[in-house]
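Understanding the architecture of this molecule
So the chains spell out like this:
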Amino acid sequence: MAHLLLALFLIVFGLNLLFGLSIPMWVTGVLALIAGVLFVLEHFKVRVDRK
């Protein structure tokens, strides 16, 4: 899941750089923050199960 969010962040960031889209910086920041948190959780093997 973290890899998927990281890929989405990189695509949005790259498109914003290349084409000058008017995507706010907070959107890319939130995507990067969520991907980073998920990578840290995966590293420490924290599991969140649905009930």
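Residues numbered from 1 in each chain as written. Predicted model: local features only at pLDDT ≥ 70, side-chain atom pairs only at ≥ 80, totals over all residues. Heavy atoms only, no water.

Below, the discussion takes up the overall build of the protein chain. Of regular secondary structure, the protein chain possesses two helices and zero strands. Against the 2.2 N^0.38 benchmark of 10 Å for 51 residues, the protein chain shows a C-alpha radius of gyration of 13 Å, more extended than a compact globule. With respect to the three principal axes, the spread of C-alpha positions in the protein chain is 40 × 15 × 15 Å. (Helix = DSSP H or I, 4+ residues; strand = E, 2+ residues; numbered from the N terminus. Rg over C-alpha atoms; globule rule 2.2 N^0.38 Å.)

On to the nonpolar core. Counting five residues, the largest nonpolar core consists of Leu5, Phe9, Val12, Leu31 and Ala35. Residue assignment for this core shows that the elements contributing at least two residues are α1 (2–19) and α2 (25–43). Counting residues per element, this core draws most heavily on α1, which supplies three residues. Sequence-distant contacts of Val12, defined by excluding residues within four places in its chain, comprise Ile23, Thr28 and Leu31. (Core = buried A, V, L, I, M, F, W, Y, C linked by side-chain atoms within 4.5 Å. Buried < 20%, exposed > 50% of the residue type's maximum accessible area, 1.4 Å probe, protein only. Contact = heavy atoms within 4.5 Å.)

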